[in-house]
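What follows is each chain in one-letter form.
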Amino acid sequence: MSIFEYNGSAVVAMVGKNCFAIASDRRLGVNLQTIATDFQRIFKIHDKLYIGLSGLATDVQTLYQRLIFRHKLYQLREERDMKPQTFASLVSALLYEKRFGPYFCMPVIAGLGDDDAPFICTMDCIGAKELAKDFVVSGTASESLYGACESMYKPNMEPEELFETISQALLSSVDRDCLSGWGGHVLLVTPTEVQERTLKGRMD
């Protein structure tokens, strides 16, 4: 079993009309044994920028703390929040620094940039970026997430429809992966508000 599959994870981000949603499962396991059912994988960088980290749980928490530290330094120096594109480059550089002993994490970055245009991207554990205009996925359930998102996604969805789509895609995907699941955590971000919702899923 790969070290990336040790704790199990499922993270997905999806773009709507001037908004985006990012969702993850809530299970923390050790191989097939479930340890916790309220594990956080989506983290806030600032009001319009979020990062979801799939992979090894210890590296998820370490990497998040290092990213928050870097972002606070940027805020002190520049007196403004980081743009999503800039933050993606920061994460990529941070991961590539450690390429010979990498963080076992695959980040999903989602944010609202200039003119509230949504930006999403994902990368591998050494920072190779993959940009997308529709959705990005990561984690042990990524194969079934690709299938569900391909069939359910449509462009320019309104926030409520986007929430429904990403929730259904996440729940149907984690049911097909025994290492992730136990409900979901969804953040819906528009230029004016952030909605945070918890999904109930199968408990097995």
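Residues numbered from 1 in each chain as written. Predicted model: local features only at pLDDT ≥ 70, side-chain atom pairs only at ≥ 80, totals over all residues. Heavy atoms only, no water.

Attention shifts here to the overall build of the chain. Tallying secondary structure elements over the chain gives four helices and 12 strands in all. Against the compact-globule benchmark of 17 Å for 204 residues, the chain has a radius of gyration of 16 Å, which places it among compact chains. Taken along the three principal axes of its C-alpha coordinates, the chain extends 45 × 40 × 25 Å. Counting only contacts in the chain whose residues sit at least 6 apart along the sequence, the fraction spanning at least 24 positions is 62%. Surface summary for the chain: the accessible area is close to 9,700 Å², and the carbon and sulfur share equals 50%. Here the chain carries 21 positive and 26 negative side-chain charges, and the mean point of each set is 4 Å from the other. (Helix = DSSP H or I, 4+ residues; strand = E, 2+ residues; numbered from the N terminus. Rg over C-alpha atoms; globule rule 2.2 N^0.38 Å. Contact = heavy atoms within 4.5 Å. Areas by Shrake-Rupley, 256 points an atom, 1.4 Å probe, with all protein chains shown as cover. Lys, Arg positive; Asp, Glu negative; His and termini not counted. Charge placed at Lys NZ, Arg CZ, Asp CG, Glu CD.)

Across four bridges, strand β8 (residues 118-123) lies against strand β9 (residues 129-132) in antiparallel orientation. Following the sheet pairing, cysteine 121 is matched in β9 by leucine 131. Taken together, β8 and the strand that follows it, β9, pair antiparallel across an intervening segment of five residues, in which glycine 127 is found at a positive phi of about 90°. (Pairing = 2+ DSSP bridges.)

Okay, a nonpolar patch on the surface next. A cluster of nonpolar residues, Phe69, Leu73 and Leu76, forms a patch on the protein surface that exposes about 330 Å² of accessible area. Examined against the element boundaries, leucine 73 turns out to sit in helix α1 (residues 57-78). For leucine 73, a relative accessible area of 37% translates into the label partly exposed. (Patch = residues over 30% accessible without salt bridge, like charges linked within 9 Å, V, L, I, M, F, W, Y side chains within 5 Å. Salt bridge = Lys/Arg side-chain N within 4 Å of Asp/Glu carboxyl O. Buried < 20%, exposed > 50% of the residue type's maximum accessible area, 1.4 Å probe, protein only.)

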